[in-house]
Amino acid sequence: MNLLFPLSPLLVTGFGALLLMLTEAFGTPRVRAAAGEEVVDAGAGRSGELALGAAVVLLAGAVLSVAVWLAGPAASPELKLLEPWLVFDGVALFMSFVLCLGGAFTALLAGGYLPEHQIDRGEFFPLLILATLGAQVLSASGDLLMLFVGLETMSLAVYAMIGLRRGSARAVEAALKYFLLGSFAAALMLFGGALLYGATGHTDLRGIGQAVASIGQPESTVNAGLVLLGLTLNLVGLAFKVSAVPFHMWTPDAYEGAPTPTTTFMAVAVKTAAFAILMRLLLTSFGDERAMSWGAGWPPVLALLAIVTMTVANLIAGRQESVKRMLAYSSIAHAGYVLIGLVATMRSPIEGQASVMVYLLTYTVSTAGAFGALILCGSRGAEAVSYDDLAGIGRRHPAAALVFTLFLLSLAGMPPTAGFFGKLYIFRAAIDSELYWLTVLGLLNSLVAAYYYLRVIVSMYFREPAPGAPVATPMRSGLVTGALVLAAFLVLAIGLAPATPLAMALGSLTGG
Amino acid sequence: MVGNLYFALCALVCLLGALGCVTSKKPIRGAIGLLATIIGMAGLFLKLNAQFLAAIQLIVYAGAVVVLFVFVIMVLGPDSRTDVDGGRAQISRAFAGGLFALIAGGALVLLAKGGPTPTRLLPAPPGHGDVEAVGGQLFTQAIVPFEITTALLIAAAIGAIAIARGRAVRAPKPHGLPAGEYYHGPVRPEDAAPASKKGTPK
């Protein structure tokens, strides 16, 4: 039975995590204990090697996802054995690629960040890979039960990755806040899933879809009220995970208090996986004509969510003094743009889904790069987090400032970067679906967002640190540099050849 | 008839336990009320022919969760309590009580009107919900999520270790000295030196 190759993206991450865990547990620590102390963590001082190992595992996962994608899901009929639990179609493989890429960026950034800020903990890397595995499972799940298991695997690992810095009260607050609200959201989703099961008799998404489509027909026994309540609870739970306003309250604190590589992972992989499953849930289970209509379905709810999310996040982001917190609000605003793409699936399903997939890819490379550049600009005892810390970096360290500028321009959506094409496809899909006012609001929000991205560039190039103020010195780390070079390459490559990812996304959907 | 009596008994235990849980001012009594609710629920599961679920309910909730609650309460001291008469506590109590009254009132009104007709389910087939049936489902139909659950458990275990350990380097516990030595003044001469400089009474 030839199931190994089509399953390889999951197998590589799963076994990679176990291997790294054992390496971490049975290795020799590299730190020397001070007098009267003993080293209790065998992975201490070896973050560099472990980070490299984790990045290799995750990049292998990304490459294998593309390989299986190229071979085509149709080439491996054995994958049908996993249905309905896991649906490894083109979309799931595309998402698996994006998730592994985001995880690999996180691993490389952590390899530089953790030793620099003395949270040199080997457990980070197995947790990171397990979180990526959970995200892959989540984005590929075709059953509510599987969805919950994937969601919890990802979330539990991320809670621990936030709380690693035990000495910092902010990190503990961030971990607790995310843990409590995340558990609450998971409980809501579980309740919603139970109601959907009660109403339709199915936990697999396709079966729910068939039952939902039968509502309104005379022989249908499905209770529409229960379905509505179940869908609402599921939407709320997933809106927590993608941090859409008004379910975003935890985001700024959790993002700011967490170690920056963890923040990167939360902004990139967790959000991508949540959007992937949201798209699958809506289009598989609630994809019939009535549920997707403007009058009686979910599109107006998501449109409202998109507008509120973009507007509130952009207005608050402009008033932040901390760049890390600004990037947190910016990631909330980007969730709003993706929601526009989801709404656009109501009239043009293929283009809408493809635009969401491309947007998630461009958002992943730009955001991972922006957080990476922020990591690069700080060093031990002086983590660059505020606009003032970045003053004058452009003159003192031109290379660091240059890549930071590139990623910020991509987040702002300037051509010829990846971010421009991500936004372009989203807005084009929205116009194709005749959502003109939603497009106009999205464009206006992009203009507001450009203000705070440009503000970082202004402080880097046109301001000098106040006399006597502490000056941030960039850290030196080959791993962080490697991550930034890779991200910068991808941002420019997608920006110069945008047709390729779009063709891949369209191919995933049409099976071509 | 016996079945209805059993149902009424279990439901009564559940409701009384829940009432005790939210009304008692001592945390330990609240925990015991919760225990009663959980045991009543397990009884209701048995009535629904879900033996496995009933056993799990007892083992996990009554056995582990409530014991953990009692443990924490005992560590904090059974008399410790939060400010139950403060302004915020009053507001949240009023809110929760109001919400409960609203829902219960709504349910009563619906019942009085004849309400929605309950769905009649078919009686469960023999063997439904016992350990064999659940195990069979778990290891044949649901093998994929069952396997992925291992990733969930490993993530939880590593995460717990990572959070609990805190630092990579720590001072070892003092050992090797007889306990009595700690109480006989400074062990090393240099420990005694600063004290004498400050001018101890001669």
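Residues numbered from 1 in each chain as written. Chains lettered and ligands numbered in written order. Predicted model: local features only at pLDDT ≥ 70, side-chain atom pairs only at ≥ 80, totals over all residues. Heavy atoms only, no water.

*Asks:* So, the overall build of chain A: which residues are in play, and what are the values?
*Replies:* Helix and strand counts for chain A stand at 19 helices and one strand. Its C-alpha atoms give chain A a radius of gyration of 22 Å, within 12% of the compact-globule value 24 Å for 512 residues. At a minimum sequence separation of 6, the contacts of chain A that also span at least 24 residues come to 80%. Summed over its atoms, the accessible surface of chain A is roughly 18100 Å², and 69% of this surface lies on carbon and sulfur atoms. Of the side chains in chain A, 26 bear a positive and 28 a negative charge, and the two mean positions are spaced by 7 Å. (Helix = DSSP H or I, 4+ residues; strand = E, 2+ residues; numbered from the N terminus. Rg over C-alpha atoms; globule rule 2.2 N^0.38 Å. Contact = heavy atoms within 4.5 Å. Areas by Shrake-Rupley, 256 points an atom, 1.4 Å probe, with all protein chains shown as cover. Lys, Arg positive; Asp, Glu negative; His and termini not counted. Charge placed at Lys NZ, Arg CZ, Asp CG, Glu CD.)

*Asks:* Outline helix α3 (residues 51-76) of chain B, listing residues and values.
*Replies:* Residues separated by three or four positions in an α-helix point in the same direction, a consequence of the helix having 3.6 residues per turn. Residues and elements named next belong to chain B. Along its 26 residues, α3 runs 36 Å from first to last C-alpha, staying within 8% of the 38 Å computed at 1.5 Å per residue. Taken residue by residue, α3 has A54, Q57, A62, V66 and I73 as its buried positions. Buried residues along α3 sit in contact with α2 (27-47). Positive backbone phi, approximately 100°, marks G77, located one or two places after α3. (Expected span 1.5 Å × (residues − 1). Buried < 20%, exposed > 50% of the residue type's maximum accessible area, 1.4 Å probe, protein only.)

*Asks:* Outline the pattern of salt bridges, supporting the account with residue identities and numerical values.
*Replies:* Oppositely charged side chains may form a pair once their charged atoms are brought near each other. Residue and element names in this part refer to chain A. The final tally for this structure, using the stated rule, is 12 salt bridges over all chains. Between R325 and E256 there is a salt bridge, and its shortest N-O distance comes to 2.7 Å. Linking R325 in helix α12 (residues 323-344) with E256 in helix α9 (residues 251-257), this pair joins segments that are 69 residues apart in sequence. Note on accessibility: R325 and E256 belong to one class, buried. One salt bridge in this structure joins D388 and R463, with 2.8 Å as the shortest N-O distance. Taken together, the positions of D388 in the loop between α13 (349-377) and α14 (393-396) and R463 in the loop between α17 (436-462) and α18 (478-496) put the pair 75 residues apart, joining distant regions of the chain. With a relative accessible area of 34%, R463 lands in the partly exposed category. Through salt bridges with shared partners, a single ionic network connects R170, E173, K177, D253, E256 and R325. (Salt bridge = Lys/Arg side-chain N within 4 Å of Asp/Glu carboxyl O.)

*Asks:* Give me the packing of aromatic side chains: which residues, what numbers.
*Replies:* All names here are of chain A. Tallying each qualifying case throughout the model produces 12 aromatic pairs over all chains. For the pair W294 and W437, a centre-to-centre distance of 6.0 Å together with 80° between the ring planes defines the contact as edge-to-face. Of the two residues, W294 sits in the loop between α10 (260-285) and α11 (299-317) while W437 sits in helix α17, which places them 143 residues apart along the sequence. An angle of 45° between the planes, with centres 6.4 Å apart, marks the rings of F421 and Y425 as tilted. Here F421 pairs with Y425, and both are found in helix α16 (residues 418-432), just four residues apart, close to one helical turn. A relative accessible area of 8% means that Y425 is categorised as buried. (Phe/Tyr/Trp six-rings, centres within 6.5 Å; stacked < 30°, edge-to-face > 60°.)

*Asks:* Describe a nonpolar patch on the surface, and please don't skip the residues or the numbers.
*Replies:* Residues and elements named next belong to chain B. Nonpolar side chains collect at one region of the surface, where I39, I56, L58, I59, V60, Y61, V65 and F69 lie side by side and expose about 660 Å² of accessible area between them. Broken down by element, the residue count for the nonpolar patch peaks at seven residues, all from α3. Relative to the helices and strands, V65 resides in helix α3. (Patch = residues over 30% accessible without salt bridge, like charges linked within 9 Å, V, L, I, M, F, W, Y side chains within 5 Å.)

*Asks:* Account for helix α8 (residues 224-242) of chain A, naming residues and giving values.
*Replies:* Residues and elements named next belong to chain A. Taking 1.5 Å per residue as the helical rise, α8 with its 19 residues ought to reach 27 Å, and the 27 Å between its terminal C-alpha atoms agrees with that figure. N-cap assignment for α8: the residue whose side-chain oxygen lies 3.0 Å from the backbone N of G225 is N223. Within two residues after α8, S243 carries a phi angle of roughly 50°, on the positive side. (Polar contact = N/O pair within 3.5 Å; in protein donor to acceptor, adjacent residues only side chain to side chain.)

*Asks:* So what's going on with the side chain of S47 of chain A? Which residues, and what values?
*Replies:* Here S47 of chain A shows up in helix α2 (residues 47-71). Contacts of S47 of chain A, omitting those with residues within four sequence positions, involve G111, L114, P115, D120, R121 and F125 of chain A.

*Asks:* Explain the domain arrangement of chain A residue by residue, including any values.
*Replies:* Residue and element names in this part refer to chain A. Per the domain assignment, the segments making up chain A are domain 1 (1-29 + 40-171 + 246-282) and domain 2 (292-512). Taken over C-alpha atoms, the centre of domain 1 sits 21 Å from the centre of domain 2. The partner domain 2 presents 44 residues to the 45 residues of domain 1 that form the contact. By the criterion of area lost to domain 2, the three top residues of domain 1 are F94, F105 and F275, representing 17% of everything that side buries. (Domains from an automatic or database assignment. Buried area = accessible area lost by both parts, 1.4 Å probe.)

*Asks:* So, the side chain of T260 of chain A: which residues are in play, and what are the values?
*Replies:* All names here are of chain A. By secondary structure assignment, the location of T260 is in helix α10. With relative accessibility at 2%, the residue T260 sits in the buried group. Within the structure, T260 has its side chain in polar contact with the side chain of K324 (distance 3.3 Å). Those residues within four positions of T260 in sequence are excluded, and the remaining contacts are Y113, K324, F371, I375 and E383.

*Asks:* I'd like a rundown of the domain arrangement of chain B, residues and numbers included.
*Replies:* Taken as a whole, chain B is organised into domain 1 (1-76), domain 2 (87-115) and domain 3 (127-168). Using C-alpha coordinates to define each centre, domain 1 of chain B is positioned 23 Å away from domain 2 of chain B.

*Asks:* Tell me about unusual backbone geometry, and name the residues and values.
*Replies:* Outside of glycine, negative phi angles account for most residues, and trans bonds account for most peptide bonds. All names here are of chain A. P246 follows V245 through a cis peptide bond whose omega is 5°. If you trace the backbone, P246 turns up in the loop between α8 and α9. A positive phi angle, near 50°, is found at S243, a position not held by glycine. Its location among the elements puts S243 in the loop between α8 and α9. Owing to a relative accessible area of 0%, S243 belongs among the buried residues under this scheme. A positive phi angle is found at E434, which is not glycine, with a value near 60°. Relative to the assigned elements, E434 resides in the loop between α16 and α17. Residue E434 is classed as partly exposed on the basis of its relative accessible area of 49%.

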